[in-house]
Structures are given as C-alpha cells and as structure tokens.
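Coordinate analysis (summary)
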Amino acid sequence: MKEKYLVFILAMILISILFFWLGANTLKNSEKEVKSYDNKIKQTLEKLNSAMIMDQQLSQFTEIIDNSLTKDGKFSVDELNAFQKKIEEIRDNNQMKLIKISDSNKFAEAGMIETTYNLELEGTFQQMGQFISAIEAQNNIIKIQFLDISPTQAASKNTTVDPNAPNKYRITLELSIFKVKKEA
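The paragraphs below set out a description of the structure included in this document. (Residues numbered from 1 in each chain as written. Predicted model: local features only at pLDDT ≥ 70, side-chain atom pairs only at ≥ 80, totals over all residues. Heavy atoms only, no water.)

When the terminal C-alpha atoms of helix H2 (residues 77-93) are compared, their 24 Å separation across 17 residues agrees well with the 24 Å that a helix rising 1.5 Å per residue should span. Here H2 has its buried residues at Leu80, Phe83, Ile87, Ile90 and Arg91. On an axial view of H2, the arc spanned by its buried residues comes to 100 degrees, and they lie on one face. Exposed residues on H2 whose side chains face more than 90 degrees from its buried face are Val77, Asp78, Lys85 and Asn93. (Helix = DSSP H or I, 4+ residues; strand = E, 2+ residues; numbered from the N terminus. Expected span 1.5 Å × (residues − 1). Buried < 20%, exposed > 50% of the residue type's maximum accessible area, 1.4 Å probe, protein only. Arc of directions from axis to C-beta.)

Structure (structure tokens):
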C-alpha cells in the first residue's frame, strides 16, 4: 500500500512538473507573439505618423501651388496690396521699424509673373530672423534675391546708449513673389 502511495505521489509530481513546463512554454510563446505584434504596431504607427506629417506638408504645398497659378498676365492690385499688408503685419508682429518699402514688376521667364519688393527695416538680429522666417512661411512662391545687414549708427555723439540694449541693424531686403501662368 505504501508503494501505491509512493507511485501516486511520484505521478502527481511528474504531472505537476509537466503542467508547469507546458505552462512556461506556452507563456514564452505567447510573450514572443505579443512582442511580435507590438513591433508590428510600432512600425504601423510610425508609418501612420509619417503619412500624417507628409499629408500636412503636401496640403500646404498644394495651397502654395493653388495660390501661385493664375490665368492673368500680371499680379492684380488687390493681390499686391494684400501681400504688402501681410508684410506690414509680419513687420509689426516682430516690432521692427519700417524705413522704406517699394514694389515693382520684373521681367520673368516665359510663363512666369514676378513682382519684387524692396524693403529697408531696422531691428535686432533675432527680429530679422523671425521676420524672414514668417515671410518664407507664406503661401506663395517667394525668393529672397538680396539681403544686406549692417549695424545702425547712433544718431549723435550726445546720445547715450544702454550697453545692455540689443544691437540694432539696418536690413535691406529684396524679395520676389512669383506666379505661374496657367496654359489653356
């Protein structure tokens, strides 16, 4: 009778070991499968994020293209005034001093329309950088043709200048705005 209990106990131990061994193998396989799914989900999310960023950038690009196509042979007065007003807004937001602004039509390549703006501004180096960034972020095809930065001089010798004040610069900027003529 003692031998039957001993065999029974050994059988129970063997079954317990087999049970835990199978459970551990199943858990390892499940863990590998979960990691595999996690990696697939990560890759899919990265692709989705990239696609969303590209969609955003391309939608901005299509807006630029839509704004840059025209059937007219020149910029309309309303377009020129709107762009000049936008320049003034950007200048005002960056707290820069406007010295001079002028625009003129330029002879451009066939199928292109170009208007050039000549600006003279006064401000800090940081203000200038923010101004140029904001101009280039507009929904038009814009090219900066010329940029000159020179320090401004004090108005007179009697004027005291705060040594902690940021340096002011005179910025001379020539930028062109383009449109493309649509062909029929």
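With that out of the way, let us pick up the packing of aromatic side chains. Considering all chains together, one arrives at three aromatic pairs under this definition. On the numbers, 5.2 Å between centres and 45 degrees between planes, the contact of phenylalanine 83 with tyrosine 117 is tilted. In this pair, phenylalanine 83 sits in helix H2 while tyrosine 117 sits in strand E3 (residues 112-123), placing the two residues 34 residues apart along the sequence. Residue classification places phenylalanine 83 among the buried residues on the basis of a relative accessible area of 7%. (Phe/Tyr/Trp six-rings, centres within 6.5 Å; stacked < 30°, edge-to-face > 60°.)

Another aspect to go through is a nonpolar patch on the surface. On the surface, Met1, Tyr5, Leu6, Phe8, Ile9, Leu10, Met12, Ile13, Ile15 and Ile17 cluster together into a nonpolar patch covering about 1100 Å² of accessible area. As for its placement among the helices and strands, leucine 10 is situated in helix H1 (residues 2-68). (Patch = residues over 30% accessible without salt bridge, like charges linked within 9 Å, V, L, I, M, F, W, Y side chains within 5 Å. Areas by Shrake-Rupley, 256 points an atom, 1.4 Å probe, with all protein chains shown as cover. Salt bridge = Lys/Arg side-chain N within 4 Å of Asp/Glu carboxyl O.)

The tally for this structure, following the rule as stated, stands at six salt bridges. Its salt-bridge partner being glutamate 31, residue lysine 35 comes within 3.8 Å of it at the nearest N-O pair. Here lysine 35 pairs with glutamate 31, and both are found in helix H1, just four residues apart, close to one helical turn. When its relative accessible area of 43% is taken as the criterion, glutamate 31 is described as partly exposed. The closest approach of N and O atoms between glutamate 89 and lysine 86, which form a salt bridge, is 3.6 Å. Residue glutamate 89 and its partner lysine 86 are both found in helix H2; the two are separated by three residues, about one turn of the helix. Take glutamate 89: its relative accessible area is 41%, and that puts it in the partly exposed class.

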